[in-house]
Amino acid sequence: QVQLVESGGGLVQAGGSLRLSCAASGSISGIHVMGWYRQAPGKQRELVAAITSGGRTNYADSVKGRFTISRDNAKSTVYLQMNSLKPEDTAVYYCNAFAIAGWGAQGSYWGQGTQVTVSS
């Protein structure tokens, strides 16, 4: 079983920073992509940032220049450094991994989400 555990969410003032972490565990033989999605109340889930095992990254236009995604492949962990936070960044942030399970199957796995709230 593949499990993703997020941490680092919380309440911050506008202009502040947070760092989210997501650690993958369980029966994993490889991870192609890890990323962060977010969903605000009444809004569609959207991709925030993603990173491949080789280090290629992709960001939503709304966070470019403010957020940085990174990974530690040895620890199967992905980070999202969020700077210059805005109230519109308020959402539940979900970690996602497209991974190869120990039994060989490929699939997409989700964390339970962590709340990020940015006050104005």
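Since we're looking at a predicted model, the values are computed, not measured.

Student: I'd like to hear about the sheet that holds strand 1 (residues 2–7), residue by residue, with values.
Tutor: In spatial order, the strands read 1-3-8-7; together these four strands make up an open sheet with antiparallel pairing. With partners counted over all chains shown, the strands left at the sheet margins are strand 1 and strand 7 (67–72), one partner each. Taking each pair of neighbouring strands and ignoring which way they run, the sheet shows an average axis angle of 15°. Bridge count between strand 1 and strand 3 (residues 18–26): six bridges; the pairing is antiparallel.

Student: A description of the environment of L80 should follow, citing residues and the corresponding values.
Tutor: Residue placement: L80 occurs in strand 8 (residues 77–82). The spacing of L80 and R38 is 42 residues in sequence and 12 Å in space, taken between C-alpha atoms. When residues no more than four places from it in sequence are discounted, the contact partners of L80 are L18, R19, L20, W36, V48, A49, F67, T68, I69 and Y93.

Student: Kindly report on the state of the cysteines, identifying the contributing residues and their values.
Tutor: For the structure on display, the rule yields one disulfide. Here C22 connects covalently by a disulfide to C95, the sulfurs 2.0 Å from one another. Measuring handedness by torsion sign, the sulfur bridge of C22 and C95 sits at about -85° and is left-handed. Of this pair, C22 sits in strand 3 while C95 sits in strand 9 (residues 91–101), and the two are 73 residues apart along the sequence. Under the relative-accessibility criterion, C95 is labelled buried at 0%.

Cut-off values and rules
- Residues numbered from 1 in each chain as written.
- Predicted model: local features only at pLDDT ≥ 70, side-chain atom pairs only at ≥ 80, totals over all residues.
- Heavy atoms only, no water.
- Pairing = 2+ DSSP bridges.
- Helix = DSSP H or I, 4+ residues; strand = E, 2+ residues; numbered from the N terminus.
- Axes fitted to C-alpha atoms, helices over the stretch in contact; angles between N-to-C directions.
- Contact = heavy atoms within 4.5 Å.
- Disulfide = S-S within 2.5 Å.
- Buried < 20%, exposed > 50% of the residue type's maximum accessible area, 1.4 Å probe, protein only.

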